[in-house]
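Below are the chains, spelled out letter by letter.
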Amino acid sequence: MVTASPILSGPFAPAARLTDSYGRVIHDLRVSITDRCNYKCVYCRTGEAGPQYPELAIDEYLRLIRLFVSLGITKVRLTGGEPLLRRSLVDLVRELANLRTLTGEPLDLALTTNGHLLDSLAAPLKAAGLNRVTVSMDAVDAPTFERITRIPGSFQTVLGGVRAARAAGLTPLKINCVLLRGFNDDQIESFAHFARQEDVVVRFIEFMPLEEGRLWSPEIVVPLREIVKRIGRVLPLVELPPREAGETARRYGFTDGRGEIGIIAPVTQAFCGACSRVRLTSDGKIRTCLFSQVEHDLYGRLRAGESDQDLRDYIHRTVQGKEARHHIGEPGFLKPSRSMVHIGG
Ligand code: SAM
């Protein structure tokens, strides 16, 4: 159980909303609650144990998230590493579901997972107040899937998790697929059929240079235009309007009205100008961009005993310094010091 502390239960004073120096309003927080993962996806981790960053106690994440919510955050996505590995996850979700935004609404509460432990956790998470999950699946055939995750039997386990999540009402259910040329780009058309059969929104993501190893090159990225063209050949597509401003995925429906896919194209069609996001790593550092070269130690300040108001001021100042955009593919591009699994995807 999460232990209640006064800071979690008391009312909090609304403060000025978070904006950056480019006028972007920040309302979307991604929180990594561990950088451990039970998968070793070939494009993400080297497969070795690798450095681990410390984890905070669950009520420390709660305290930090609460500060962000008091600054106008309306959407919280829990991620990792693999978030389902944290034992008190259901308690954390229950506490987060009790928070209210500045306009008095419940948070939009989502989670990204590899789905391996979802079969048994989907119903308790839904009951605790989770709204939606996104499950990562990089193939819809078992051999390719297991070649990527390097975990035997993982395909059936994750498929079971996806079905459990849908049955629990964690919908609309999204499936994220990172495409890499030569690894899984032969899955594109099958994923379109899968989206319709399983009643899920499949979102293809362009591979970004955030891996532990050195795999990334422009040639390995499968660009948005190619994906749309290939699916369109087997199942005609129509582009759909964004559901909200700043939506990262371009949405497409099938012309018969059944099913939807999305494409997240940070490499070939960057959406930094509409970014509304900030990240908190599992060890309590703020990252204002996936590709930030600097991290901001919010947790260190909390541990040093700073007041809520001082911590809010620090968050404000930090967000003001949010980068204009990333520089993937440009000369002089520098990979961040942490890879995706250690930042929180
Ligand atoms: N373990 C959870 C999962 O598998 O969804 C959450 C963490 S994982 C790092 C989050 C997402 O990041 C996954 O969908 C994964 O495929 C994606 N990802 C990892 N490395 C990536 C990269 N270099 N480029 C794009 N997406 C990446």
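Our subject is the structure listed above.
This text gives an overview of the structure that appears in the document. Each chain has its residues counted from 1, running along the sequence as written. Per-residue local features of the predicted model are confined to residues with pLDDT of at least 70, and side-chain atom pairs are confined, for both listing and counting, to 80 or more; whole-chain, interface and lining totals are unaffected and use all residues. Side-chain numbers here rest on the full set of heavy atoms in the structure, without hydrogens or water.

A word on the pairing of strand β6 (residues 201-206)
Only protein chains enter the accessibility calculation, which uses a 1.4 Å probe; a residue is then buried when its area is under 20% of its type maximum, exposed when over 50%, and partly exposed in between. Working definition: helices are DSSP H or I runs of at least four residues, strands are E runs of at least two. Numbering for both runs from the N terminus. Burial within β6 is extensive, with six of its six residues counted as buried. Residues Val201, Arg203 and Ile205 point to one face of β6 and Val202, Phe204 and Glu206 to the other, with burial holding for every one of them. Alignment of strand β5 (residues 174-179) against β6, held across six bridges, turns out to be parallel. Its bridge partner being in β6, Leu179 is matched across the sheet by Glu206. For the segment spanning β5, helix α7 (residues 188-198) and β6, crossover handedness is right-handed. In this analysis, strands are considered paired if DSSP registers two or more bridges between them. Think of it like this: strands point away, you trace from the first strand over the helix to the second, and a clockwise trace means the crossover is right-handed.

Description of the site of the ligand
Nearness of a residue to a molecule or strand requires only that one of the residue's heavy atoms be within 4 Å of it. Around the ligand sit 17 residues in total, of which Tyr43, Gly81, Glu82, Ser136 and Met208 are the nearest. With respect to the ligand, the side chain of Tyr43 contributes an N or O atom lying 2.5 Å from an oxygen atom. Polar contacts here mean pairs of N or O atoms no more than 3.5 Å apart (in protein, one a potential hydrogen donor and the other a potential acceptor; neighbouring residues in sequence count only if both atoms are side-chain atoms). The contact in question runs from an oxygen atom of the ligand to an N or O atom on the backbone of Thr113, over 3.3 Å. Only the protein chains shown count as cover for residues, with accessible areas throughout obtained via the Shrake-Rupley method and a probe of 1.4 Å. Surface burial for the ligand is 95%, taken as the share of its 550 Å² of free accessible area covered by protein chains. Note on residue classes: Ala, Val, Leu, Ile, Met, Phe, Trp, Tyr, Cys and Pro are nonpolar, Asp, Glu, Lys and Arg are charged, and everything else, Gly too, is polar. The residue makeup of the shell around the ligand, split by class, is seven nonpolar, eight polar and two charged.

A look at the packing of helix α2 (residues 58-69) against helix α10 (residues 308-320)
When two helices pack together, their arrangement is given by the angle between their axes and by how far apart the axes lie. At a minimum axis separation of 10 Å, α2 and α10 run at an interaxial angle of 65 degrees. The angle between the axes of α2 and α10 places the two elements in the roughly perpendicular class. Judged by the twist between their axes, the crossing of α2 over α10 is right-handed. Contacts from Arg63, Leu67 and Phe68 of α2 reach α10 at Asp308, Leu311, Arg312 and Ile315. Interaxial angle, 0 to 180 degrees, is taken between N-to-C directions of lines fitted to C-alpha atoms, where a helix line uses only the stretch in contact. The labels follow the angle: roughly parallel below 35 degrees, roughly antiparallel above 145, roughly perpendicular from 65 to 115, and oblique for the rest. In this scheme the handedness of a crossing depends on how the near helix is turned from the far one: anticlockwise by less than a right angle means left-handed, clockwise means right-handed. By the convention used here, residues are in contact when the closest approach between their heavy atoms is within 4.5 Å.

Quick look at unusual backbone geometry
Backbone torsion omega between Thr171 and Pro172 reads -5 degrees, so that peptide bond is classified as cis. Summarising the element assignment, Pro172 is placed in the loop between α6 (154-168) and β5. We note that Arg150 has phi near 60 degrees; this positive angle belongs to a residue other than glycine. With respect to the helices and strands, Arg150 occurs in the loop between α5 (142-149) and α6. The phi torsion at Asp199 lies on the positive side, around 55 degrees, for a residue other than glycine. Tracing the backbone shows Asp199 in the loop between α7 and β6. Take Asp199: its relative accessible area is 59%, and that puts it in the exposed class.

Notes on the environment of Cys177
Residue position: Cys177 is located in strand β5. The class for Cys177 is buried, based on a relative accessible area of 0%. Sequence spacing of Cys177 and Gln187 is 10 residues, and the spatial spacing of their C-alpha atoms is 9.6 Å. When neighbours within four sequence positions are excluded, Cys177 is seen to be in contact with Met137, Asp138, Asn184, Phe191, Arg203, Phe204 and Ile205.

Re the pattern of salt bridges
The salt bridge criterion pairs a side-chain nitrogen of Lys or Arg with a carboxyl oxygen of Asp or Glu, the two atoms within 4 Å. Applying the stated criterion across every chain, the model contains 23 salt bridges. Residues Arg132 and Asp108 are paired through a salt bridge, measuring 2.7 Å at the closest nitrogen-oxygen approach. With Arg132 in strand β4 (residues 132-136) and Asp108 in strand β3 (residues 108-113), the pair connects residues that are 24 residues apart, well separated along the chain. For Arg132, a relative accessible area of 13% translates into the label buried. Among the ionic pairs, Glu330 bridges to Arg325, the shortest N-O distance being 2.6 Å.

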